[in-house]
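A structural walkthrough
The lines below spell out each chain.
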Amino acid sequence: MPNSAYIVFAHGSSVESANEAVRIVAAQMAQMGGYTNVEAAFLEGGKPDLASAVDAVTARGAERVIVVPYFLTLGLHLKRDLPKLVEEARAKHPNLE
């Protein structure tokens with residue numbers, strides 16, 4: 001089984017406390033699930049973006065990345081933006097599952 005990482009991917013906000021709430025969810029996911037390589041990432045308005053989060057988890061040895069969308073509805077960002085960003089990450093990390 002490859003070394004897996006999880007990225008909790010949210011929209012992001014100019015209100016930093018909203019972004020911090022997503023980071024807390026990612027930390028709780030790691031703790032409750034026993035996962036050692038978990039990051040939060042944001043489409044816009046927060047840091048890191050998805051590419052930077054993928055870089056971070058691969059730097060810690062991830063061979064497989066599972067992106068967990070953290071959105072209320074299946075809207076345009078999940079249908080259009082997330083698939084494009086995942087493909088860009090795959091192109092940058094061709095050996096990553």
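Right, let's walk through the structure included here. (Residues numbered from 1 in each chain as written. Predicted model: local features only at pLDDT ≥ 70, side-chain atom pairs only at ≥ 80, totals over all residues. Heavy atoms only, no water.)

A closer look at the environment of Val86
- Relative to the helices and strands, Val86 resides in helix H3 (residues 76-92).
- Here Val86 falls in the partly exposed class, since its relative accessible area comes to 21%.
- In sequence terms Val86 and Asn3 are 83 residues apart; their C-alpha atoms lie 18 Å from each other.
- If we skip the residues at most four places from it in the chain, Val86 touches Leu50 and Val67. (Helix = DSSP H or I, 4+ residues; strand = E, 2+ residues; numbered from the N terminus. Buried < 20%, exposed > 50% of the residue type's maximum accessible area, 1.4 Å probe, protein only. Contact = heavy atoms within 4.5 Å.)

A few points about the pairing of strand E2 (residues 38-42)
- In terms of burial, E2 is largely enclosed, as 5 of its 5 residues are buried.
- Of the two faces of E2, the one carrying Val38, Ala40 and Phe42 and the one carrying Glu39 and Ala41 are both buried.
- Sheet analysis places strand E1 (residues 4-10) next to E2, joined by 5 bridges and oriented parallel. What sits directly across from Tyr6, in E2, is Val38.
- Note that the unit made of E1, helix H1 (residues 16-33) and E2 has a crossover that is right-handed. (Pairing = 2+ DSSP bridges. Right-handed = clockwise from strand over helix to strand, strands pointing away.)

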